[in-house]
Amino acid sequence: MVTPRRGVRGAIAVSLAVGWLTVCGLAVAGCGASAPAKRDVIARGNAICLSALRAVRSQPPPSAAGSLPALADYLKRVVPIVDKEVAAVRALPRPAHDRALLDRYVSALTATGAEYRTLAAAAARGDRSAVAQALAALRASTAAPAAARYGLSDCAGSGATVT
């Protein structure tokens, strides 16, 4: 015969056992998923950069050299591509190996994306001085060298979207 006290104790024991098995099961399941390897992040990052580069190259360049309205029109089409590239790179997993290098690249790329928006706004306003400053900031970007140091060759090349 089961006494009420033993029934409660048994129920608690069963609850604890089920809870323990659940925790152990989740721990084992979590261990099965390995962290991304650096080579996988490089492959994904290079694919992102190549896709963005193709998209930018598909846009007709400004029709008149030196024309700020033409540059503004071009940048209206290009900045969303750059923004998408930056967002995709920011979403890459961060493997432990060389994480600091990848973080520096992502920070530099993010700053470069912001500089493209600054350039677009300056061109739209017709502000030649601000356009010149934004172009100088883009030329000084550390995104390409940071990409190269991490191994993102397609993000570091001369044809890269944000360099």
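Before reading further, recall that the structure is shown in the block above.
Residues numbered from 1 in each chain as written. Predicted model: local features only at pLDDT ≥ 70, side-chain atom pairs only at ≥ 80, totals over all residues. Heavy atoms only, no water.

## Describing the environment of Ser-63
Worth spelling out the cut-off: For the purposes of this entry, the term helix denotes a DSSP run of H or I that reaches at least four residues, the term strand denotes a run of E that reaches at least two, and both are numbered from the N terminus. Residue exposure (1.4 Å probe, protein chains only): buried if accessible area is under 20% of the type maximum, exposed if over 50%, otherwise partly exposed.
Within the fold, Ser-63 resides in the loop between helix H2 (38–57) and helix H3 (68–90). Among the residues examined, Ser-63 registers a relative accessible area of 74% and is labelled exposed. With 11 residues separating them along the chain, Ser-63 and Tyr-74 place their C-alpha atoms 8.8 Å apart.

## Some details on helix H4 (residues 99–125)
This is how the line gets drawn: Expected span of a helix, by definition, is 1.5 Å for each gap between consecutive residues, and there is one gap fewer than residues.
With 27 residues, H4 ought to run about 39 Å at 1.5 Å a step, and its terminal C-alpha atoms sit 39 Å apart, in line with that. Just past H4, the residue Gly-126 takes up positive phi, approximately 80°.

## Remarks on the state of the cysteines
Convention followed: Criterion for a disulfide: a pair of cysteine sulfur atoms within 2.5 Å.
Evaluation of the coordinates by the stated rule reveals one disulfide. One disulfide in the model links Cys-49 with Cys-155; its S-S distance is 1.9 Å. The disulfide joining Cys-49 to Cys-155 has a torsion of about 100° about its S-S bond and is therefore right-handed. Placement of the pair is Cys-49 in helix H2 and Cys-155 in helix H7 (residues 153–156), with a sequence separation of 106 residues. Relative accessible area serves as the criterion here: at 2%, Cys-155 is assigned to the buried category.

## Regarding the nonpolar core
It is characteristic of soluble globular proteins that their nonpolar side chains tend to be buried jointly. Inclusion rule: Only buried residues count toward a nonpolar core, which is a set of Ala, Val, Leu, Ile, Met, Phe, Trp, Tyr and Cys residues joined through side-chain atoms within 4.5 Å. By the convention used here, residues are in contact when the closest approach between their heavy atoms is within 4.5 Å.
Grouped together as the largest cluster of nonpolar side chains are 39 residues, with contacts concentrated most on Leu-71, Leu-75, Tyr-105 and Leu-152. Every element with two or more residues in this core is listed here: H2, H3, H4, helix H5 (128–139) and helix H6 (143–150). Sequence-distant contacts of Leu-75, defined by excluding residues within four places in its chain, comprise Pro-80, Tyr-116, Leu-119, Ala-120 and Ala-123.

## Overview of the packing of H4 against H5
Selection rule: Only the stretch in contact is used when fitting a helix axis, every axis being a line fitted to C-alpha atoms; angles between N-to-C directions are given from 0 to 180 degrees. In this scheme, roughly parallel covers angles under 35 degrees and roughly antiparallel covers those over 145, while 65 to 115 is roughly perpendicular and the rest are oblique. For any pair of crossing helices, the crossing counts as left-handed if the nearer helix is rotated counterclockwise from the farther one by less than a right angle, and right-handed if it is rotated clockwise. Think of it as three bins: nonpolar holds Ala, Val, Leu, Ile, Met, Phe, Trp, Tyr, Cys and Pro, charged holds Asp, Glu, Lys and Arg, and polar takes everything else, Gly as well.
One way to put it is that H4 packs onto H5 with a least axis distance of 8 Å and a crossing angle of 160°. Looking at the two axes, H4 sits roughly antiparallel to H5. Crossing hand, H4 versus H5: left-handed. Across the interface between the two elements, Thr-112, Glu-115, Tyr-116, Thr-118, Leu-119, Ala-122, Ala-123 and Arg-125 from H4 touch Ala-130, Val-131, Ala-134, Leu-135, Ala-137 and Leu-138 from H5. Taken together, the residues of the contact of H4 with H5 break down into 10 nonpolar, two polar and two charged.

## Section: the pattern of salt bridges
Note the threshold: Salt bridges, as used here, are contacts in which a Lys or Arg side-chain nitrogen is within 4 Å of a carboxyl oxygen on Asp or Glu.
All told, the structure shown has five salt bridges when counted by the stated rule. Linking Arg-117 and Asp-83 is a salt bridge whose minimum nitrogen-to-oxygen distance equals 2.7 Å. Taken as a pair, Arg-117 in helix H4 and Asp-83 in helix H3 lie far apart in primary sequence, 34 residues in all. Arg-117 gets classed as partly exposed once you look at its relative accessible area, which sits at 40%. The partly exposed category is assigned to Asp-83, whose relative accessible area is 27%. Between Arg-94 and Asp-103 there is a salt bridge; the shortest N-O distance is 2.4 Å. For Asp-103, a relative accessible area of 28% gives the class partly exposed.

## So, the packing of aromatic side chains
Where we set the bar: Pairing of aromatic rings covers Phe, Tyr and the six-membered ring of Trp, with a centre-to-centre limit of 6.5 Å; geometry is then stacked below 30 degrees between planes, edge-to-face above 60, and tilted otherwise. For a Lys NZ or an Arg CZ to count as sitting over a ring, it must be within 6 Å of the ring centre and within 35 degrees of the ring normal.
Scanning the entire structure with this criterion turns up zero aromatic pairs. Positioned over the ring face of Tyr-150 is Lys-38, at 4.6 Å from the centre of the ring.

## A short note on the packing of H2 against H3
Running from N to C, H2 and H3 cross one another at 175°; their axes reach a closest spacing of 10 Å. One element, H2, and the other, H3, form an angle in the roughly antiparallel class. Where H2 approaches H3, its residues Ile-48, Cys-49, Ala-52, Ala-55 and Val-56 are matched on the opposing element by Tyr-74, Val-78, Ile-81, Glu-85, Ala-88 and Val-89.

Bear in mind that shape data such as this cannot, by itself, settle questions of function.
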